[in-house]
Amino acid sequence: MKNKFMLQALRQAKKAEEKDEVPIGAVIVKDGKVIARAFNARESTQIATAHAEIRAIEKASKKLKSWRLDGAEMFVTLEPCPMCAGAIVLARIKKVYFGAYEQKSGSAESKFRVLEESGMNHKTEYEGGVMEKECQTLLKDYFKRKREENKQ
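Residues numbered from 1 in each chain as written. Predicted model: local features only at pLDDT ≥ 70, side-chain atom pairs only at ≥ 80, totals over all residues. Heavy atoms only, no water.

## What about the packing of aromatic side chains?
The geometry of two aromatic rings is summed up by the distance between their centres and the angle between their planes. Enumeration over the complete set of coordinates arrives at five aromatic pairs. Here the aromatic rings of Phe 5 and Phe 75 are separated by 5.2 Å at their centres, their planes lie at 40°, and the arrangement is tilted. Here the residue Phe 5 occupies a position in helix α1 (residues 2–18), and Phe 75 occupies one in strand β3 (residues 73–78), the gap between them amounting to 70 residues. Judged on exposure class, the residue Phe 5 and its partner Phe 75 are both buried. Judged by centre distance (5.0 Å) and plane angle (80°), the rings of Phe 98 and Tyr 101 are edge-to-face. Judged by its relative accessible area of 0%, Phe 98 is buried. Tyr 101 gets classed as partly exposed once you look at its relative accessible area, which sits at 25%. These aromatic residues form a ring-pair network of at least three members: Phe 5, Phe 75 and Tyr 97. Just above the ring of Phe 39 sits the side chain of Arg 55; from NZ or CZ to the centre is 5.2 Å. (Phe/Tyr/Trp six-rings, centres within 6.5 Å; stacked < 30°, edge-to-face > 60°. Helix = DSSP H or I, 4+ residues; strand = E, 2+ residues; numbered from the N terminus. Buried < 20%, exposed > 50% of the residue type's maximum accessible area, 1.4 Å probe, protein only. Lys NZ or Arg CZ within 6 Å of the ring centre and 35° of its normal.)

Set out below in structure tokens:
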């Protein structure tokens, strides 16, 4: 089941890449059904907070007509940053599954532990490394291509 939803997050990431955005995708699931999908859109929107996770939370909240996403699970291709991890906790998402680890700013376990911070009102469970190789390869290939473009 995890891979089924992570594949959908990867499809969202590929949509981001097609728009020359960093290829990160997110899917939110509740009661076994996808309620929101999103991808990074910072470049096209010129909005710093237009990360896949934030956009997916906004869509899910709109669909459920509630900021409380109790019982929902998020599948995202990269370990959330501090901003996204904070939003995930505040939205009360039950569990996050992520693909690639983010050593610089990952906020599940790589750099910070925002999802399980004891001072927060809610804690979010997480599992990293879901389809890690596929998620990591997509990001590495994107940044390699961008570096080659910048050389020219």
